[in-house]
Amino acid sequence: VQQAMAVLKDFYAKSAEATALAQTAQTPAEDAPETFDKPYTGMLPEGGSVVDFLEVILSDFARLESETATAEQTEQDEYEKFMFESKKDKALKENEKGHKDAKKKDTETALAATEQELKLTQEQLDKAIAYYEKLKPTCVDSGITYEERVKRREEEIQSLQEALKILQGTDLS
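Owing to the predicted nature of the structure, the values given are computational and were not obtained by experimental measurement.

## Quick word on the overall build of the protein chain
So, point 1. A tally of helices and strands in the protein chain yields 5 helices and 0 strands.
So, point 2. Going from the N terminus to the C terminus, the protein chain shows its helices and strands as α-α-α-α-α.
So, point 3. The proportion of buried residues among the 173 residues of the protein chain is 3%.

Structure below.
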């Protein structure tokens with residue numbers, strides 16, 4: 001854009017003096033149509049020239065380039081911050097995963113040991129219950145009611161006391 005502006009400025013500077021394409025027989029005033037009060041000079045002084053237009057484009061381009069560079073730098077900084085935070089978060093989560101895996105392994109080991117202990121204890125309990133069931137009929141379940149057992153026990157105590165008296169020689173009747 002700057003090169004184009006330089007070329008155009010050079011062209012317009014030389015165009016006032018250039019006569020290569022101009023007709024020399026007539027002056028511009030003679031060549032102008034009758035409807036004009038003054039000679040035709042184009043639209044340069046009124047709405048601005050191509051150079052003015054290019055200067056506006058150049059200033060807009062410079063402003064846009066500056067805004068874009070600022071926006072890109074801001075986005076780059078945000079990206080780098082995001083990537084740093086993401087890497088840090090990932091490292092923390094991987095570390096936490098390692099701890100949880102180790103804890104899981106320890107818990108599974110403890111569970112297996114506890115299950116083995118439960119199995120052994122259950123086997124001992126089953127053997128004790130089987131032995132209890134084997135002894136139960138002879139010890140607990142004799143088929144005699146409680147009152148009969150109390151009566152027999154009293155008779156046994158009384159006969160033991162009599163035997164004691166006989167042995168001691170106190171009652172020989």
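Moving on from the model shown.
## Digging into a nonpolar patch on the surface
So, point 1. Residues Val-1, Phe-53 and Ile-57 make up a contiguous nonpolar surface patch of about 280 Å² in total accessible area.
So, point 2. With respect to the helices, strands and loops of the structure, Val-1 is situated in the segment before helix 1 (2-15).
So, point 3. Taking relative accessible area as the criterion, Val-1 reaches 49% and is therefore assigned partly exposed.

## Some points on the pattern of salt bridges
It is possible for side chains of opposite charge to pair when their charged atoms get near one another.
So, point 1. Under the defined criterion, the tally for this structure stands at 6 salt bridges.
So, point 2. A salt bridge links Glu-85 to Lys-88; the shortest N-O distance between them is 3.9 Å. A residue pair is termed a helical-turn pair when its members lie 3 or 4 positions apart in one helix, as Glu-85 and Lys-88 do in helix 4 (residues 50-139) at 3 residues.
So, point 3. You can call Glu-85 partly exposed: its relative accessible area is 38%.
So, point 4. The salt bridge involving Lys-100 is made with Glu-96; its shortest N-O contact spans 3.1 Å. Of the two residues, Lys-100 and Glu-96 both sit in helix 4, 4 residues apart, roughly one turn of that helix.

## Considering a negative patch on the surface
So, point 1. A contiguous patch of negative charge, built from Glu-75, Asp-77, Glu-78 and Glu-80, is present on the exposed surface.
So, point 2. Given a relative accessible area of 47%, Glu-78 falls into the partly exposed group.

## With respect to helix 5 (residues 146-168)
So, point 1. Relative to the 33 Å expected for 23 residues at 1.5 Å per residue, helix 5 spans 33 Å between its end C-alpha atoms, a close match to the ideal helical length.
So, point 2. Count one or two residues on from helix 5 and you reach Gly-169, which has phi positive near 80 degrees.

## So, the confidence of the model for the protein chain
So, point 1. This prediction gives the protein chain a mean pLDDT of 82; 76% of its residues lie at or above 70.
So, point 2. Looking over the protein chain, one finds the lowest element-wise mean pLDDT in helix 3 (residues 44-47), namely 52, and the highest in helix 4, namely 93.

Rules used in this analysis
- Residues numbered from 1 in each chain as written.
- Predicted model: local features only at pLDDT ≥ 70, side-chain atom pairs only at ≥ 80, totals over all residues.
- Heavy atoms only, no water.
- Helix = DSSP H or I, 4+ residues; strand = E, 2+ residues; numbered from the N terminus.
- Buried < 20%, exposed > 50% of the residue type's maximum accessible area, 1.4 Å probe, protein only.
- Patch = residues over 30% accessible without salt bridge, like charges linked within 9 Å, V, L, I, M, F, W, Y side chains within 5 Å.
- Areas by Shrake-Rupley, 256 points an atom, 1.4 Å probe, with all protein chains shown as cover.
- Salt bridge = Lys/Arg side-chain N within 4 Å of Asp/Glu carboxyl O.
- Lys, Arg positive; Asp, Glu negative; His and termini not counted.
- Charge placed at Lys NZ, Arg CZ, Asp CG, Glu CD.
- Expected span 1.5 Å × (residues − 1).
- pLDDT = per-residue confidence, 0-100.

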